[in-house]
Amino acid sequence: MAEEKEILCCDTEEIHEELLKIVKDTMPDELELDDLAELFKVFGDPTRIRILFILFETEVCVCDLAKALNMTQSAVSHQLRILKQSRLVKNRREGKSVFYSLADNHVRTIIAQGREHILE
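Here goes a summary of the coordinates provided. (Residues numbered from 1 in each chain as written. Predicted model: local features only at pLDDT ≥ 70, side-chain atom pairs only at ≥ 80, totals over all residues. Heavy atoms only, no water.)

## Focus: helix α4 (residues 62-69)
Part 1 of the reasoning: For α4, every residue scored as buried is listed here: V62, L65, A66 and L69. An end-on view of α4 places all buried positions within 100 degrees of arc, on one side of the element. In α4, the exposed positions angled more than 90 degrees off the buried face are occupied by K67 and A68.
Part 2 of the reasoning: The secondary structure elements touched by the buried residues of α4 are α3 (46-57), β1 (60-61), α5 (73-85) and β3 (97-102).
Part 3 of the reasoning: Looking at the residues trailing α4, positive phi occurs at N70, about 55 degrees. (Buried < 20%, exposed > 50% of the residue type's maximum accessible area, 1.4 Å probe, protein only. Helix = DSSP H or I, 4+ residues; strand = E, 2+ residues; numbered from the N terminus. Arc of directions from axis to C-beta. Contact = heavy atoms within 4.5 Å.)

What follows is the structure, encoded as C-alpha cells:
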C-alpha cells in the first residue's frame, strides 16, 4: 500500500481577500504576540512545570521545593525567579522563609488545557 503524502500547500495561488481582512482585523499587535510567545517559552522547561504542579497543591517554601525536586535551593530559586517575572507565581516572606504560590487561577487553567490537549 502506497503511503499518502501530506498536503502542505495549495496547487494554485489564490488570495482570499475576505479571509485576510478577518485575520488583519483580529490579529493582536506584535508586542502582544511577542509577550505571549515569551510566556509560552516559560512553560517549555520541565522543572518549571514540576514546580507549578507542586504549587497547585499548596503554598511551599523554597527549601521544601528543593527537597521535593531533589535540587539545590539556588537552582530552584533561579526557576522561581523566571516564573515570578512571568507573573505565574507570587511569594511572601514569613520569618526567614520565603513561600511561593500560584499567582492566580489562570496558571492552573493554562496547564490543564495543555494536559487535556496532549492526552487527546
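## Here we look at the packing of aromatic side chains
Part 1 of the reasoning: With the rule as written, the count across this model stands at 2 aromatic pairs.
Part 2 of the reasoning: The interplanar angle of 50 degrees and the centroid separation of 6.2 Å between the aromatic rings of F40 and F43 together place this pair among those described as tilted.
Part 3 of the reasoning: Note on F40: relative accessible area 48%, which makes it partly exposed. (Phe/Tyr/Trp six-rings, centres within 6.5 Å; stacked < 30°, edge-to-face > 60°.)

## Some details on the side chain of T47
Part 1 of the reasoning: Positionally, T47 belongs in helix α3.
Part 2 of the reasoning: Here T47 is in contact with M71 and Q79, once residues within four sequence places are set aside.

## Observations concerning the pairing of strand β2 (residues 89-94)
Part 1 of the reasoning: When β2 meets β3, the two strands line up antiparallel, connected through 6 bridges. Within β3, the position partnered with N91 by the bridge is Y100.
Part 2 of the reasoning: Between β2 and β3, which pair antiparallel and follow one another directly, the connecting turn spans 2 residues, one of which, G95, has a positive phi of 65 degrees. (Pairing = 2+ DSSP bridges.)

## Thoughts on the side chain of S101
Part 1 of the reasoning: Here S101 lies in strand β3.
Part 2 of the reasoning: Residue classification places S101 among the buried residues on the basis of a relative accessible area of 15%.

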